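Below, each chain spelled out in residue letters.
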Amino acid sequence: MDNSEILNILLNSDKDLVIYRNSDNNNFEIFTDFVEKVDLNLGNLQKFLNKLERFKSNKPYDCYIGFFGYELLCKNINLKVNKDSSSFPEGVFFRPQTKIILDKKIKILTKSKTELLKDLKVLKKNNNLNHYKVTVSPNVQVYEKIFNKFKKNIRAGETYQIKIAQKYSNKKDLDIVNLFFDLMKKNLSPESFCVRTKDFNIISCSPENLFKVRGKKIVTSPIAGTVSRDKIKSTKEARRFFENNQKEDKEHNMIVDLERNDLSRITKPNSVKIQNLKFVQKYQYIYHNVSEISGTLLDNVRLSAIIKAMMPGGSVIGCPKINTLKLLNKEEKEPRRIYTGSFGYFRSKQDMSFNIIIRSILNFKKNNEVFAASGVILDSTAKNEYHENYLKAKSLLDLLK
Amino acid sequence: MNLLLIDHEDSFTYNLAHLLSGFGNLEVKNFYDVKENSVKKSDVIIFSPGPGKPLDYPISLDIYNNYKSKKKIIGICLGFQLIANGEGGTISKQEKIFHGYQTYIRTNSQSLRFPNNALYQVGRYHSLKLKEPFNSSSMHITMRCEETNVAMCLESHKYDICGLQFHPDSFLTPNGKQFIRKIIQFKK
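What counts, and at which threshold
As a convention, each chain's residues are numbered from 1 in the sequence order in which they are written. By the order in which they are written, chains take letters starting at A while ligands take numbers starting at 1. Local features in this predicted model are restricted to residues of pLDDT 70 or higher, and side-chain atom pairs are both shown and tallied only at a pLDDT of 80 or more, whereas totals for entire chains, interfaces and linings draw on every residue. Secondary structure counts use DSSP, requiring at least four H or I residues in a row for a helix and at least two E residues in a row for a strand, with both numbered from the N terminus. Throughout, radius of gyration means the C-alpha value; the globule benchmark is 2.2 Å times the number of residues raised to the power 0.38. To assign burial, the other C-beta atoms lying within 10 Å of each residue's own C-beta are counted, with C-beta atoms placed from the backbone; 20 or more indicates buried, 12 or fewer indicates exposed, and intermediate counts indicate partly exposed. Any residue pair is listed as a contact if its two C-beta atoms, each placed from the backbone, are within 7 Å. Only when DSSP finds a minimum of two bridges between them are two strands counted as paired. Axis definition: a line fitted to C-alpha atoms, limited for helices to the stretch in contact. Angles are taken between N-to-C directions and run from 0 to 180 degrees.

(A) Geometry of the overall build of chain A. Per the secondary structure count, chain A includes 11 helices and 19 strands. Taking 2.2 N^0.38 as the reference for a compact globule, 401 residues should give roughly 21 Å; the C-alpha atoms of chain A span a radius of gyration of 21 Å, in line with that estimate. When its C-alpha atoms are laid out on the principal axes, chain A stretches across 65 × 55 × 45 Å. Expressed as a percentage of its 401 residues, the buried residues of chain A come to 45%. For chain A, the proportion of contacts with a sequence separation of at least 24, taken over those separated by at least 6, is 73%.

Written as structure tokens, this is what we have:
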């Protein structure tokens, strides 16, 4: 059996797997044959992070790959969150024994090729053609109330920037792997990933890396500023748009200083540098305004300190982070679960990378949820931002039809 | 020299910490976690930026009032407003809100730490401002925004106190460290 046949059987089976975009190598990697699956909660998080600190991968497939959910990350910095009455895990990490690299040639790196195809069941596909209606929470009335409350908070200096999230949900079975590759054909994003398990499924076309550690160096690449490609035809034009758009420009400044701050908690004094200020990245429907900031990690910095300083990622929350999270958690009633959490991998303390989970679908117990958030702006109206959230969610909502 | 930076849980405090770190032993403490001992053994107390208004931080106001005549005190943004409040000033909302702005400010002849009539480009993050008229016998407004005339620096002529409404810690303030150096090296 050749590699593409093996891949085909694997993808059409019900076996747990993770697909991750490797934007350094411009390909996809599939991780499977999990020897370990860790469900995280506040009680075992510290123990898990301590274990990671001692872990060092010496096989190409060996790593921990998974996510920290938003609620777990908030609790980790002593913030109160809404109770999630479902059994959805607050974070999950897998330790694979197989990695398949999807390149011009398919490469299989595995501990055991016989293990890879052992006991595989064909994935059951429900050809359910019903189009289930999408509901949104908070609805427009509640959204407007929260929006106006946060405007007052901004006027009073209690937050300088705050982003309200909305949840769009429906009920439908999804063919998650095919859906993921369909999405990638249309909207290839550098931090895309897919998780398929018996309990839940995730696809995400996140564009945003929260941090990468390579040796002693840590780099963050916050996005602040989005413009539709309908209106703007070239990267050069997009750059001019971001420069001339006061609101976007100031918001971006704030996020640059916020990320400099978060890096400064865990890096050597005077090592934090803005590598690249305000450059434009092009996507299927939009341009993003991005900056790149780096620093040199403190000697002996703990992994838990890195997680506490950087997560949840500030660019999708607002500023200052702590008080803004308190305001959000008071007003938002829907648990965010994976949304604005972080997905990534850990190979050693010198080699890890985590993104910010946005533009994602979580499929759990036949329920699908998509979140979108946008900032409260003093001279904007609730209706405008409510509509902008819908536009952000639209490409994913199309998949739920 | 021992520096105590009191953090009001801002997302800019550690930018300030890196600016301060070259000038002595720096301790950063959350405002609700500051121990009397840390305050006592410090030579310089720095009040960080932060959300809200001075009256939201009674502990920091107490520290200011108890130590203003005894130690060098620096306030940044909210810290500036804490100093103003401690000197009887009122903090009020402003028409135009400055979050992430880079603007020009100018010094005046009242300044002891900075040259007269100097123009600086600075980064700003504030919804609130010092309400004027502000009358104090010992505290002087020594820098103002070129555009709105809003107070940007308070200096005491009696004690070793200096507050900045703008952010020397921001990347929007070129040479932010020189502001900190001048304030720290100033001797009454």
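Read on for the rest.
(B) A look at unusual backbone geometry. Residue A:P138 follows A:S137 across a cis peptide bond; omega there is 0°. Secondary-structure assignment places A:P138 in the loop between β6 (135–137) and α5 (140–155). Following B:E132, the chain continues into B:P133 via a peptide bond in cis, with omega recorded as 5°. Mapping B:P133 onto the fold places it in the loop between β6 (119–130) and β7 (139–145). Residue A:R337 is not a glycine yet carries a positive backbone phi of 50°. Here A:R337 lies in the loop between α10 (321–331) and β16 (342–348). Owing to 26 C-beta atoms within 10 Å, A:R337 belongs among the buried residues under this scheme. Positive phi, normally seen in glycine, also occurs at A:R359, with a value near 50°. With respect to the helices, strands and loops of the structure, A:R359 is situated in the loop between β17 (351–355) and β18 (360–364). A:R359 sits in the buried class, given 25 other C-beta atoms within 10 Å.

(C) Quick peek at the sheet that holds strand β8 (residues 151–156) of chain B. All names here are of chain B. Ordered by their spatial adjacency, nine strands build an open sheet running β2-β1-β3-β4-β9-β8-β7-β5-β6, and the pairing between neighbours is mixed. Each edge of the open sheet is held by one strand with a lone partner, namely β2 (25–30) and β6. In this sheet, neighbouring strand axes are inclined to one another by 20° on average, regardless of whether the strands run parallel or antiparallel. Relative to β8, β7 runs antiparallel, the two sharing five bridges. By the bridge assignment for β8, M143 is matched with C153. On the sheet, helix α4 (residues 78–86) packs against β3 (44–47), β4 (72–76), β5 (91–107), β6, β8 and β9 (161–164) and is oriented at approximately 120° with respect to β4.

(D) Fine view of the environment of A:K151. All names here are of chain A. Position of K151 among the secondary structure elements: in helix α5. Along the primary structure K151 and G344 are separated by 193 residues, whereas in three dimensions their C-alpha atoms are 34 Å apart. Excluding its chain neighbours within four sequence positions, the residues that come into contact with K151 are V376 and L378.

(E) How the structure looks around the pairing of β3(B). Residues and elements named next belong to chain B. Here β3 shows two buried faces, one formed by V44 and I46 and the other by I45 and F47. Bridging between strand β1 (residues 2–7) and β3 involves four bridges; their strand directions are parallel. Opposite I6, over in β3, you have F47 as the bridge partner. Pairing geometry for β3 and β4, over four bridges, is parallel. Following the sheet pairing, I46 is matched in β4 by I74.

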